[in-house]
Amino acid sequence: MSPTNALPGLQDLTTPALLLDLDRVERNCARMRARATILGVALRPHLKTAKSSEIGRLASGGVLGPITASTLAEVEYFAAHGYRDITYAVGIAPQKLYALAAIQERFGASVSLIVDELYTVREIATIAEALQQSFRVFVEIDSGGGRGGVVPEDPELLDITAAIVESPRLGLAGVLTHAGHSYGAADRKEMVAIAEAEREAATRAAARLRSAGFTVPFVSVGSTPTILSAESLEGVTDVRPGVYMLFDLDQAALGVCSLDDIAASVLTTVIGHNPRSQRILIDAGGLALSKDLSAFKRDPHVGYGLVCPPNGVGPISGLRVAEVYQEHGMIAVENGFEFATERYPVGTQLRILPNHVCMTAAAFDRYHLVRGDSQRIIGTWDKIGGWTAGREARA
Ligand code: PLP
(Lines give C-alpha, C1' and ligand atoms only; values in the text may rest on other atoms or scores of the structure.)
Protein backbone atom coordinates (compact mmCIF):
# COMPACT_ATOMS: atom_id res chain seq x y z
CA MET A 1 0.00 0.00 0.00
CA SER A 2 1.54 3.36 -0.99
CA PRO A 3 1.66 6.18 1.60
CA THR A 4 -1.01 8.04 -0.42
CA ASN A 5 -3.36 5.08 -0.28
CA ALA A 6 -2.82 4.91 3.48
CA LEU A 7 -4.52 8.27 3.87
CA PRO A 8 -8.15 8.18 4.96
CA GLY A 9 -10.74 8.80 2.27
CA LEU A 10 -14.00 10.73 2.12
CA GLN A 11 -15.82 7.46 2.86
CA ASP A 12 -14.26 7.52 6.33
CA LEU A 13 -15.94 10.80 7.27
CA THR A 14 -19.19 11.24 9.15
CA THR A 15 -21.39 13.52 7.10
CA PRO A 16 -22.16 16.35 6.85
CA ALA A 17 -18.49 17.38 6.81
CA LEU A 18 -16.76 20.52 5.58
CA LEU A 19 -14.16 19.92 2.86
CA LEU A 20 -11.47 22.36 1.83
CA ASP A 21 -9.71 22.05 -1.51
CA LEU A 22 -6.18 23.26 -0.80
CA ASP A 23 -5.37 23.85 -4.47
CA ARG A 24 -8.25 26.27 -4.70
CA VAL A 25 -7.73 28.11 -1.41
CA GLU A 26 -4.03 28.59 -2.20
CA ARG A 27 -4.91 29.93 -5.63
CA ASN A 28 -7.58 32.29 -4.23
CA CYS A 29 -5.18 33.63 -1.60
CA ALA A 30 -2.41 34.19 -4.17
CA ARG A 31 -4.89 36.00 -6.43
CA MET A 32 -5.88 38.47 -3.69
CA ARG A 33 -2.27 39.08 -2.65
CA ALA A 34 -1.43 39.89 -6.27
CA ARG A 35 -4.47 42.14 -6.49
CA ALA A 36 -3.45 44.09 -3.36
CA THR A 37 0.05 44.53 -4.80
CA ILE A 38 -1.34 45.85 -8.10
CA LEU A 39 -3.62 48.26 -6.22
CA GLY A 40 -0.72 49.39 -3.99
CA VAL A 41 -2.41 48.57 -0.67
CA ALA A 42 -1.65 46.33 2.31
CA LEU A 43 -3.82 43.24 2.75
CA ARG A 44 -5.46 42.81 6.15
CA PRO A 45 -7.54 39.71 5.37
CA HIS A 46 -10.84 39.31 7.18
CA LEU A 47 -10.91 35.88 8.81
CA LYS A 48 -14.61 35.97 9.72
CA THR A 49 -15.31 33.49 6.91
CA ALA A 50 -12.39 31.06 7.17
CA LYS A 51 -12.05 31.33 11.00
CA SER A 52 -8.83 29.31 10.71
CA SER A 53 -5.28 30.13 11.70
CA GLU A 54 -3.86 28.01 8.85
CA ILE A 55 -5.98 29.77 6.23
CA GLY A 56 -4.99 33.12 7.73
CA ARG A 57 -1.36 32.16 7.21
CA LEU A 58 -2.06 31.25 3.58
CA ALA A 59 -3.88 34.56 3.08
CA SER A 60 -0.82 36.49 4.22
CA GLY A 61 1.61 34.45 2.11
CA GLY A 62 2.97 32.14 4.81
CA VAL A 63 3.27 34.59 7.71
CA LEU A 64 1.04 35.63 10.61
CA GLY A 65 0.29 39.09 9.21
CA PRO A 66 -2.18 41.77 10.27
CA ILE A 67 -5.74 40.45 10.17
CA THR A 68 -9.35 41.38 10.71
CA ALA A 69 -11.77 39.45 12.92
CA SER A 70 -15.44 39.72 13.80
CA THR A 71 -16.02 38.05 17.19
CA LEU A 72 -14.31 37.95 20.57
CA ALA A 73 -13.86 34.22 20.05
CA GLU A 74 -11.97 34.88 16.79
CA VAL A 75 -9.83 37.62 18.34
CA GLU A 76 -8.81 35.29 21.14
CA TYR A 77 -8.24 32.28 18.87
CA PHE A 78 -6.04 34.22 16.45
CA ALA A 79 -4.11 35.91 19.29
CA ALA A 80 -3.53 32.47 20.83
CA HIS A 81 -2.22 31.25 17.46
CA GLY A 82 0.38 34.02 17.33
CA TYR A 83 -1.36 36.80 15.40
CA ARG A 84 -0.32 40.12 16.93
CA ASP A 85 -2.18 42.81 14.97
CA ILE A 86 -5.94 42.25 14.93
CA THR A 87 -8.70 44.66 13.91
CA TYR A 88 -11.98 43.70 15.55
CA ALA A 89 -14.20 45.10 12.80
CA VAL A 90 -17.63 45.00 14.41
CA GLY A 91 -18.82 48.10 16.30
CA ILE A 92 -17.52 47.69 19.82
CA ALA A 93 -19.84 47.18 22.79
CA PRO A 94 -17.95 48.75 25.72
CA GLN A 95 -18.36 45.74 28.03
CA LYS A 96 -16.33 43.63 25.57
CA LEU A 97 -13.25 45.66 26.48
CA TYR A 98 -12.67 43.53 29.57
CA ALA A 99 -12.23 40.38 27.48
CA LEU A 100 -10.19 42.23 24.85
CA ALA A 101 -7.90 43.72 27.49
CA ALA A 102 -7.31 40.23 28.89
CA ILE A 103 -6.45 38.96 25.39
CA GLN A 104 -4.04 41.83 24.75
CA GLU A 105 -2.32 41.26 28.06
CA ARG A 106 -2.12 37.51 27.86
CA PHE A 107 -0.96 37.14 24.26
CA GLY A 108 0.82 40.45 23.68
CA ALA A 109 -1.52 41.17 20.78
CA SER A 110 -2.72 44.60 19.75
CA VAL A 111 -6.47 44.81 19.07
CA SER A 112 -7.95 47.73 17.14
CA LEU A 113 -11.59 48.65 17.67
CA ILE A 114 -14.19 50.39 15.52
CA VAL A 115 -16.66 53.01 16.73
CA ASP A 116 -19.28 55.28 15.21
CA GLU A 117 -20.78 57.03 18.27
CA LEU A 118 -19.40 59.56 20.68
CA TYR A 119 -21.10 57.76 23.57
CA THR A 120 -19.14 54.58 22.79
CA VAL A 121 -15.83 56.42 22.70
CA ARG A 122 -16.49 57.93 26.12
CA GLU A 123 -17.43 54.54 27.55
CA ILE A 124 -14.42 52.70 26.16
CA ALA A 125 -12.10 55.53 27.20
CA THR A 126 -13.31 55.17 30.80
CA ILE A 127 -12.98 51.37 30.81
CA ALA A 128 -9.56 51.45 29.12
CA GLU A 129 -8.36 53.93 31.73
CA ALA A 130 -9.68 51.77 34.57
CA LEU A 131 -7.99 48.72 33.06
CA GLN A 132 -4.79 50.66 32.28
CA GLN A 133 -4.92 49.22 28.76
CA SER A 134 -4.45 50.99 25.44
CA PHE A 135 -6.44 50.41 22.26
CA ARG A 136 -6.22 51.79 18.77
CA VAL A 137 -9.56 52.90 17.39
CA PHE A 138 -10.94 53.31 13.88
CA VAL A 139 -13.85 55.61 13.17
CA GLU A 140 -16.29 53.67 11.03
CA ILE A 141 -17.54 55.43 7.91
CA ASP A 142 -20.79 54.65 6.11
CA SER A 143 -19.89 54.53 2.42
CA GLY A 144 -23.43 53.81 1.28
CA GLY A 145 -24.26 50.49 2.93
CA GLY A 146 -26.42 52.09 5.63
CA ARG A 147 -25.20 49.64 8.30
CA GLY A 148 -22.57 51.02 10.71
CA GLY A 149 -20.64 54.26 10.44
CA VAL A 150 -21.00 58.01 10.11
CA VAL A 151 -21.08 59.69 6.72
CA PRO A 152 -17.90 61.66 5.94
CA GLU A 153 -19.60 65.06 6.28
CA ASP A 154 -21.29 64.25 9.62
CA PRO A 155 -20.19 66.79 12.30
CA GLU A 156 -19.91 63.83 14.70
CA LEU A 157 -16.93 62.54 12.72
CA LEU A 158 -14.80 65.33 14.20
CA ASP A 159 -16.28 64.97 17.70
CA ILE A 160 -15.71 61.21 17.77
CA THR A 161 -12.15 61.61 16.55
CA ALA A 162 -11.40 64.37 19.03
CA ALA A 163 -12.69 62.20 21.89
CA ILE A 164 -10.42 59.33 20.77
CA VAL A 165 -7.38 61.55 20.55
CA GLU A 166 -8.11 63.23 23.89
CA SER A 167 -8.22 59.91 25.73
CA PRO A 168 -4.82 58.94 27.17
CA ARG A 169 -5.63 55.25 26.60
CA LEU A 170 -7.01 55.44 23.04
CA GLY A 171 -5.13 56.17 19.84
CA LEU A 172 -6.56 57.04 16.44
CA ALA A 173 -5.94 54.16 14.01
CA GLY A 174 -7.80 55.90 11.18
CA VAL A 175 -11.03 55.45 9.26
CA LEU A 176 -12.60 52.21 8.12
CA THR A 177 -15.51 51.35 5.85
CA HIS A 178 -17.13 48.27 4.32
CA ALA A 179 -19.30 48.59 1.22
CA GLY A 180 -21.55 45.64 2.02
CA HIS A 181 -24.09 46.92 -0.49
CA SER A 182 -21.68 45.78 -3.23
CA TYR A 183 -23.54 42.46 -2.89
CA GLY A 184 -26.61 44.09 -4.39
CA ALA A 185 -24.82 45.36 -7.51
CA ALA A 186 -26.69 44.49 -10.70
CA ASP A 187 -23.62 44.30 -12.91
CA ARG A 188 -19.90 44.93 -13.10
CA LYS A 189 -20.40 48.62 -13.91
CA GLU A 190 -22.37 49.13 -10.70
CA MET A 191 -19.79 47.13 -8.74
CA VAL A 192 -16.99 49.36 -10.03
CA ALA A 193 -19.06 52.42 -9.03
CA ILE A 194 -19.65 51.05 -5.52
CA ALA A 195 -15.92 50.27 -5.15
CA GLU A 196 -15.15 53.86 -6.10
CA ALA A 197 -17.82 55.20 -3.69
CA GLU A 198 -16.24 53.09 -0.91
CA ARG A 199 -12.77 54.50 -1.65
CA GLU A 200 -14.10 58.01 -2.06
CA ALA A 201 -16.03 58.04 1.25
CA ALA A 202 -13.07 56.70 3.23
CA THR A 203 -10.52 59.07 1.69
CA ARG A 204 -12.89 62.06 2.00
CA ALA A 205 -13.38 61.32 5.71
CA ALA A 206 -9.60 60.97 6.15
CA ALA A 207 -8.99 64.25 4.30
CA ARG A 208 -11.53 66.03 6.47
CA LEU A 209 -9.84 64.77 9.62
CA ARG A 210 -6.40 65.68 8.32
CA SER A 211 -7.45 69.18 7.46
CA ALA A 212 -8.81 69.49 11.03
CA GLY A 213 -5.31 68.65 12.28
CA PHE A 214 -5.65 64.93 13.09
CA THR A 215 -3.07 62.34 12.07
CA VAL A 216 -4.85 59.51 10.22
CA PRO A 217 -2.49 56.55 9.84
CA PHE A 218 -4.85 54.06 8.18
CA VAL A 219 -7.59 54.33 5.59
CA SER A 220 -9.12 50.86 5.46
CA VAL A 221 -11.76 49.66 2.98
CA GLY A 222 -13.02 46.43 1.65
CA SER A 223 -15.31 43.69 0.66
CA THR A 224 -14.38 40.88 -1.71
CA PRO A 225 -16.47 42.22 -4.65
CA THR A 226 -15.19 45.80 -4.31
CA ILE A 227 -11.52 44.87 -4.01
CA LEU A 228 -11.82 42.60 -7.03
CA SER A 229 -13.58 45.37 -9.01
CA ALA A 230 -11.84 48.59 -7.89
CA GLU A 231 -10.08 50.49 -10.65
CA SER A 232 -8.08 52.61 -8.20
CA LEU A 233 -7.54 52.61 -4.45
CA GLU A 234 -5.67 55.86 -4.30
CA GLY A 235 -5.52 57.19 -0.76
CA VAL A 236 -6.37 53.81 0.79
CA THR A 237 -3.76 52.10 2.97
CA ASP A 238 -5.24 48.65 3.54
CA VAL A 239 -8.03 46.33 2.41
CA ARG A 240 -10.02 43.70 4.32
CA PRO A 241 -11.65 41.20 1.96
CA GLY A 242 -12.51 37.82 3.50
CA VAL A 243 -14.89 35.56 1.62
CA TYR A 244 -12.50 35.31 -1.38
CA MET A 245 -10.38 32.68 0.40
CA LEU A 246 -13.21 30.18 0.02
CA PHE A 247 -15.61 31.81 -2.46
CA ASP A 248 -19.18 30.57 -2.97
CA LEU A 249 -22.12 30.51 -5.37
CA ASP A 250 -23.08 34.08 -4.50
CA GLN A 251 -19.63 35.35 -5.49
CA ALA A 252 -19.84 33.28 -8.69
CA ALA A 253 -23.28 34.78 -9.42
CA LEU A 254 -21.80 38.25 -8.88
CA GLY A 255 -19.15 37.38 -11.45
CA VAL A 256 -16.12 37.80 -9.20
CA CYS A 257 -15.13 34.12 -9.27
CA SER A 258 -15.91 30.97 -11.22
CA LEU A 259 -17.44 27.76 -9.88
CA ASP A 260 -13.97 26.22 -10.09
CA ASP A 261 -12.70 28.71 -7.50
CA ILE A 262 -15.10 27.57 -4.77
CA ALA A 263 -12.78 25.97 -2.23
CA ALA A 264 -15.18 24.87 0.51
CA SER A 265 -17.97 22.35 0.05
CA VAL A 266 -20.15 20.20 2.26
CA LEU A 267 -19.79 16.44 1.94
CA THR A 268 -23.18 14.81 2.41
CA THR A 269 -24.73 11.35 2.09
CA VAL A 270 -27.90 10.28 0.28
CA ILE A 271 -30.35 9.05 2.94
CA GLY A 272 -33.46 8.36 0.85
CA HIS A 273 -35.62 9.04 -2.20
CA ASN A 274 -39.17 10.29 -2.30
CA PRO A 275 -40.99 9.47 -5.54
CA ARG A 276 -44.02 11.56 -4.46
CA SER A 277 -42.03 14.78 -4.08
CA GLN A 278 -39.45 13.58 -6.63
CA ARG A 279 -36.64 14.46 -4.25
CA ILE A 280 -33.35 12.81 -3.28
CA LEU A 281 -32.91 13.19 0.48
CA ILE A 282 -29.47 14.07 1.92
CA ASP A 283 -28.12 14.52 5.44
CA ALA A 284 -27.08 18.15 4.90
CA GLY A 285 -29.92 20.51 5.77
CA GLY A 286 -30.28 24.07 6.94
CA LEU A 287 -27.78 23.73 9.78
CA ALA A 288 -25.03 22.37 7.53
CA LEU A 289 -25.68 24.49 4.43
CA SER A 290 -27.46 27.53 5.98
CA LYS A 291 -30.71 28.96 4.69
CA ASP A 292 -28.96 31.85 3.00
CA LEU A 293 -30.80 32.84 -0.14
CA SER A 294 -28.22 35.13 -1.73
CA ALA A 295 -27.30 33.18 -4.86
CA PHE A 296 -30.73 31.50 -4.88
CA LYS A 297 -32.37 34.92 -5.29
CA ARG A 298 -30.14 35.74 -8.23
CA ASP A 299 -30.66 32.36 -9.88
CA PRO A 300 -33.46 29.95 -8.78
CA HIS A 301 -31.58 27.06 -10.42
CA VAL A 302 -28.98 27.30 -7.66
CA GLY A 303 -31.40 26.54 -4.80
CA TYR A 304 -29.66 26.09 -1.44
CA GLY A 305 -26.61 24.68 -3.18
CA LEU A 306 -25.34 22.98 -6.31
CA VAL A 307 -24.49 19.31 -6.24
CA CYS A 308 -21.15 17.78 -7.25
CA PRO A 309 -19.85 14.22 -7.22
CA PRO A 310 -17.56 13.39 -4.28
CA ASN A 311 -14.44 14.25 -6.29
CA GLY A 312 -15.73 17.83 -6.55
CA VAL A 313 -15.73 17.85 -10.35
CA GLY A 314 -19.00 19.39 -11.37
CA PRO A 315 -21.58 20.57 -10.60
CA ILE A 316 -23.90 17.85 -11.86
CA SER A 317 -26.33 19.48 -14.25
CA GLY A 318 -30.02 19.26 -13.35
CA LEU A 319 -29.46 18.76 -9.59
CA ARG A 320 -29.89 21.39 -6.87
CA VAL A 321 -30.76 21.45 -3.18
CA ALA A 322 -34.34 22.71 -3.45
CA GLU A 323 -35.48 22.61 0.19
CA VAL A 324 -33.73 22.36 3.54
CA TYR A 325 -34.95 21.34 7.00
CA GLN A 326 -32.79 21.22 10.11
CA GLU A 327 -30.90 18.05 9.16
CA HIS A 328 -32.55 17.14 5.84
CA GLY A 329 -31.76 18.54 2.45
CA MET A 330 -33.93 17.73 -0.58
CA ILE A 331 -32.32 17.53 -3.99
CA ALA A 332 -34.58 18.32 -6.93
CA VAL A 333 -33.89 16.45 -10.13
CA GLU A 334 -34.68 18.37 -13.26
CA ASN A 335 -35.11 15.32 -15.47
CA GLY A 336 -35.38 11.63 -14.77
CA PHE A 337 -36.03 11.09 -11.06
CA GLU A 338 -36.01 7.25 -11.50
CA PHE A 339 -32.66 7.44 -13.23
CA ALA A 340 -31.28 9.65 -10.43
CA THR A 341 -32.54 7.19 -7.80
CA GLU A 342 -30.58 4.40 -9.46
CA ARG A 343 -27.56 6.57 -10.01
CA TYR A 344 -27.44 7.95 -6.45
CA PRO A 345 -28.56 5.12 -4.14
CA VAL A 346 -28.74 5.50 -0.36
CA GLY A 347 -25.20 5.82 0.99
CA THR A 348 -23.88 7.72 -2.03
CA GLN A 349 -21.70 10.67 -1.09
CA LEU A 350 -22.17 14.04 -2.82
CA ARG A 351 -20.58 17.46 -2.37
CA ILE A 352 -22.65 20.63 -2.10
CA LEU A 353 -21.31 24.03 -3.16
CA PRO A 354 -22.67 26.61 -0.70
CA ASN A 355 -24.65 29.76 -1.46
CA HIS A 356 -22.94 31.88 1.17
CA VAL A 357 -19.90 30.20 2.64
CA CYS A 358 -19.60 32.58 5.63
CA MET A 359 -22.87 31.12 6.91
CA THR A 360 -22.13 27.54 5.86
CA ALA A 361 -18.60 27.23 7.23
CA ALA A 362 -19.59 28.78 10.58
CA ALA A 363 -21.48 25.62 11.55
CA PHE A 364 -18.39 23.37 11.36
CA ASP A 365 -15.47 23.04 13.79
CA ARG A 366 -12.89 21.75 11.28
CA TYR A 367 -11.91 21.50 7.64
CA HIS A 368 -11.03 18.18 6.04
CA LEU A 369 -8.36 18.89 3.46
CA VAL A 370 -8.37 17.53 -0.08
CA ARG A 371 -6.54 18.51 -3.24
CA GLY A 372 -8.06 18.65 -6.70
CA ASP A 373 -10.24 15.66 -7.55
CA SER A 374 -8.57 13.29 -5.09
CA GLN A 375 -10.86 11.76 -2.50
CA ARG A 376 -8.02 11.24 0.00
CA ILE A 377 -8.06 13.41 3.10
CA ILE A 378 -4.61 14.89 3.49
CA GLY A 379 -5.18 16.62 6.82
CA THR A 380 -7.53 18.43 9.15
CA TRP A 381 -7.47 22.10 10.15
CA ASP A 382 -9.29 23.41 13.17
CA LYS A 383 -11.42 26.52 13.08
CA ILE A 384 -13.09 28.69 15.69
CA GLY A 385 -16.82 29.17 16.10
CA GLY A 386 -19.24 30.85 18.45
CA TRP A 387 -18.78 34.23 20.07
CA THR A 388 -17.37 33.82 23.56
CA ALA A 389 -13.77 34.35 24.54
CA GLY A 390 -12.19 32.36 27.36
CA ARG A 391 -11.99 29.03 25.59
CA GLU A 392 -8.28 29.06 24.74
CA ALA A 393 -6.48 26.84 27.24
CA ARG A 394 -5.10 28.87 30.11
CA ALA A 395 -1.32 29.11 29.73
N1 PLP B 1 -14.89 44.36 6.62
C2 PLP B 1 -16.04 44.35 7.31
C3 PLP B 1 -16.27 45.39 8.36
C4 PLP B 1 -17.01 43.38 7.05
O5 PLP B 1 -18.16 43.36 7.76
C6 PLP B 1 -16.76 42.40 6.04
C7 PLP B 1 -17.77 41.39 5.73
O8 PLP B 1 -18.84 41.34 6.25
C9 PLP B 1 -15.54 42.45 5.34
C10 PLP B 1 -14.63 43.45 5.66
C11 PLP B 1 -15.18 41.41 4.29
O12 PLP B 1 -16.00 41.46 3.17
P13 PLP B 1 -16.29 40.15 2.28
O14 PLP B 1 -17.09 39.24 3.13
O15 PLP B 1 -17.03 40.68 1.11
O16 PLP B 1 -14.99 39.57 1.89
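Details of the structure are given in the entry above.
Overview of the structure. A quick note: this is a predicted structure, and the numbers were derived from the prediction, not measured. All residue numbers refer to position in the chain's written sequence, counted from 1. Totals for whole chains, interfaces and linings use every residue, but because this is a predicted model, local features are given only for residues with pLDDT of at least 70 and side-chain atom pairs only at 80 or more, for both listing and counting. Here the side-chain values reflect all heavy atoms present in the structure, with hydrogen atoms and water set aside.

## Quick word on the nonpolar core
Next, step 1: We define a nonpolar core as any set of buried Ala, Val, Leu, Ile, Met, Phe, Trp, Tyr and Cys residues linked to one another through side-chain atoms lying within 4.5 Å. Only protein chains enter the accessibility calculation, which uses a 1.4 Å probe. A residue is then buried if its area is under 20% of the maximum for its type, exposed if over 50%, and partly exposed in between. Leu20, Leu100, Met245 and Tyr367 are the most contacted members of the largest nonpolar core, which has 117 residues in total.
Next, step 2: Here, two residues are considered to be in contact whenever any of their heavy atoms come within 4.5 Å of each other. Excluding residues within four positions of it along the chain, Leu20 makes contact with Val25, Ile55, Leu246, Ala263, Tyr367, His368, Leu369, Val370 and Trp381.
Next, step 3: Counting residues in each nonpolar core, the second largest holds seven residues, with Leu13, Ala17, Leu19 and Leu267 among its members.

## Observations regarding the site of the ligand
Next, step 1: Nearness here has a simple test: a residue counts as near a molecule or strand if at least one of its heavy atoms is within 4 Å of that partner. The environment of the ligand is made up of 14 residues, and the closest members are Arg147, Tyr183, Thr224, Arg240 and Gly242.
Next, step 2: Arg240 places a side-chain nitrogen or oxygen 2.9 Å from a nitrogen atom of the ligand.
Next, step 3: For the purposes of these results, a polar contact is taken to be a pair of N or O atoms within 3.5 Å, where, inside protein, one atom must be able to donate a hydrogen and its partner to accept one; residues adjacent in sequence count only when each atom of the pair is a side-chain atom. In the environment of the ligand, an oxygen atom lies 2.9 Å from a nitrogen or oxygen atom belonging to the backbone of Val243.
Next, step 4: Throughout, the Shrake-Rupley method with a 1.4 Å probe supplies accessible areas, and for residues the shown protein chains are the sole cover considered. Compared with its free state, where it exposes 390 Å², the ligand has 93% of that area covered by protein.
Next, step 5: All residues other than Ala, Val, Leu, Ile, Met, Phe, Trp, Tyr, Cys, Pro, Asp, Glu, Lys and Arg, Gly among them, are scored as polar; the first ten of these are nonpolar and the last four charged. Of the residues belonging to the shell around the ligand, the class tally is five nonpolar, six polar and three charged.

## Regarding the pattern of salt bridges
Next, step 1: Salt-bridge detection follows one rule: a side-chain nitrogen of Lys or Arg within 4 Å of a carboxyl oxygen of Asp or Glu. Applying the stated criterion to the full structure yields 14 salt bridges.
Next, step 2: With a shortest N-O distance of 2.8 Å, Arg279 and Glu323 are connected by a salt bridge. With Arg279 in strand E11 (residues 279-282) and Glu323 in strand E13 (residues 319-324), this pair connects stretches of sequence that are 44 residues apart.
Next, step 3: Exposure remark for Arg279: the relative accessible area of 17% places this residue in the buried category. Secondary structure counts use DSSP, requiring at least four H or I residues in a row for a helix and at least two E residues in a row for a strand, with both numbered from the N terminus.

## Points about the pairing of strand E5 (residues 110-115)
Next, step 1: Among the six residues that make up E5, five are buried, leaving the element largely enclosed by the rest of the structure.
Next, step 2: Should DSSP find at least two bridges between two strands, the strands are regarded as paired. Sheet analysis places strand E4 (residues 85-88) next to E5, joined by three bridges and oriented parallel. Across the sheet, the residue bridging to Ile86 is Val111, located in E5.
Next, step 3: Read from E4 through helix H4 (residues 97-107) to E5, the crossover connection turns out right-handed. Look down the strands so they point away from you; if going from the first strand over the helix to the second traces a clockwise path, that crossover is right-handed.

## A look at helix H3 (residues 72-80)
Next, step 1: Counting buried positions over the nine residues of H3 gives eight, a clear majority of the element.
Next, step 2: Taken together, the buried positions of H3 are occupied by Leu72, Ala73, Glu74, Val75, Glu76, Tyr77, Phe78 and Ala79.
Next, step 3: In this structure, the buried side of H3 is in contact with helix H2 (53-59), strand E3 (67-69), E4, H4, E5 and strand E17 (379-382).
Next, step 4: Of the residues one or two after H3, Gly82 is the one with positive phi, at around 100°.

## A look at the packing of aromatic side chains
Next, step 1: Geometry of aromatic contacts follows a simple scheme: Phe, Tyr and Trp rings, the Trp one being its six-membered ring, pair when their centres are within 6.5 Å, and the pair is stacked under 30 degrees between planes, edge-to-face over 60, tilted otherwise. Across all of its chains, the model carries three aromatic pairs by this definition.
Next, step 2: Taking 4.9 Å as the distance between ring centres and 85° as the angle between the ring planes, the aromatic pair formed by Tyr77 and Phe78 counts as edge-to-face.
Next, step 3: Ring centres 5.3 Å apart and planes at 85° place the aromatic pair Phe78 and Tyr83 in the edge-to-face group.
Next, step 4: Members of the aromatic cluster, each reached through a chain of ring pairs, are Tyr77, Phe78 and Tyr83.

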